[in-house]
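Topology and contacts: notes
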Amino acid sequence: MTTPGETLTEGTRLTSLETQMQAVQDGQRQILGRLDTMQQEATARFDAMQRDANARFDAMNARFDALQRETTARFDAINARFDRLFYTILGLGIASLGTIIALERIF
């Protein structure tokens, strides 16, 4: 700094400006370094969240697939029971008709 009545030479002013410019550039480097660190941390957090979401989604898909297989097996079992019941009733009906026809011929 200068006092009233004192003048700085151009060289001194230039040196002062260069010093100030270096300080500004150092500050910019620090800010950019901090921003890079923040970006890396945010990226790492996002990647971790995405991995967690993918793992949860995969687990839910596995549960859904297992539930779907179980449901299909249950429906197949019920369908088989209905098939057996249908054929049993059909067989009994045919046997009844045969019995009725045989009884009509006897009596």
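Figured I'd write up the structure that's included with this text.

Thresholds applied
Residues numbered from 1 in each chain as written. Predicted model: local features only at pLDDT ≥ 70, side-chain atom pairs only at ≥ 80, totals over all residues. Heavy atoms only, no water. Helix = DSSP H or I, 4+ residues; strand = E, 2+ residues; numbered from the N terminus. Rg over C-alpha atoms; globule rule 2.2 N^0.38 Å. Areas by Shrake-Rupley, 256 points an atom, 1.4 Å probe, with all protein chains shown as cover. Lys, Arg positive; Asp, Glu negative; His and termini not counted. Charge placed at Lys NZ, Arg CZ, Asp CG, Glu CD. Salt bridge = Lys/Arg side-chain N within 4 Å of Asp/Glu carboxyl O. Buried < 20%, exposed > 50% of the residue type's maximum accessible area, 1.4 Å probe, protein only. Patch = residues over 30% accessible without salt bridge, like charges linked within 9 Å, V, L, I, M, F, W, Y side chains within 5 Å.

A look at the overall build of the protein
Of regular secondary structure, the protein possesses 1 helix and 0 strands. A compact globule built from 107 residues should have a C-alpha radius of gyration of about 13 Å, whereas the protein, at 45 Å, is more than 25% larger. Taken along its principal axes, the extent of the C-alpha atoms in the protein is 150 × 15 × 15 Å. Only carbon and sulfur atoms are counted for the fraction: they give 62% of the accessible area of the protein, which is about 10100 Å². With 12 positive and 14 negative side-chain charges, the protein shows a spacing of 12 Å between the two charge centroids.

Regarding the pattern of salt bridges
For the structure on display, the rule yields 3 salt bridges. Arg29 is the partner of Asp26 in a salt bridge, and the nearest nitrogen-oxygen pair spans 3.0 Å. In this pair, Asp26 and Arg29 both sit in helix α1 (residues 10–106), 3 residues apart, roughly one turn of the helix. Residue Asp26 is classed as partly exposed on the basis of its relative accessible area, which comes to 37%. Residue Arg29 is classed as exposed on the basis of its relative accessible area, which comes to 51%. Residues Asp52 and Arg56 are paired through a salt bridge, measuring 3.4 Å at the closest nitrogen-oxygen approach. Highlighted residues: Asp52 and Arg56, both in helix α1, separated by 4 residues, approximately one helical turn. Given a relative accessible area of 56%, Arg56 falls into the exposed group.

Digging into a nonpolar patch on the surface
A surface patch of nonpolar side chains, amounting to about 530 Å² of accessible area, comprises Phe75, Ile78, Phe82, Leu85 and Ile89. Counting through the fold element by element, Leu85 comes out in helix α1. Classification of Leu85 as partly exposed rests on a relative accessible area of 45%.

What about the environment of Gln68?
Mapped onto the elements of the fold, Gln68 is located in helix α1. Relative accessible area serves as the criterion here: at 44%, Gln68 is assigned to the partly exposed category.

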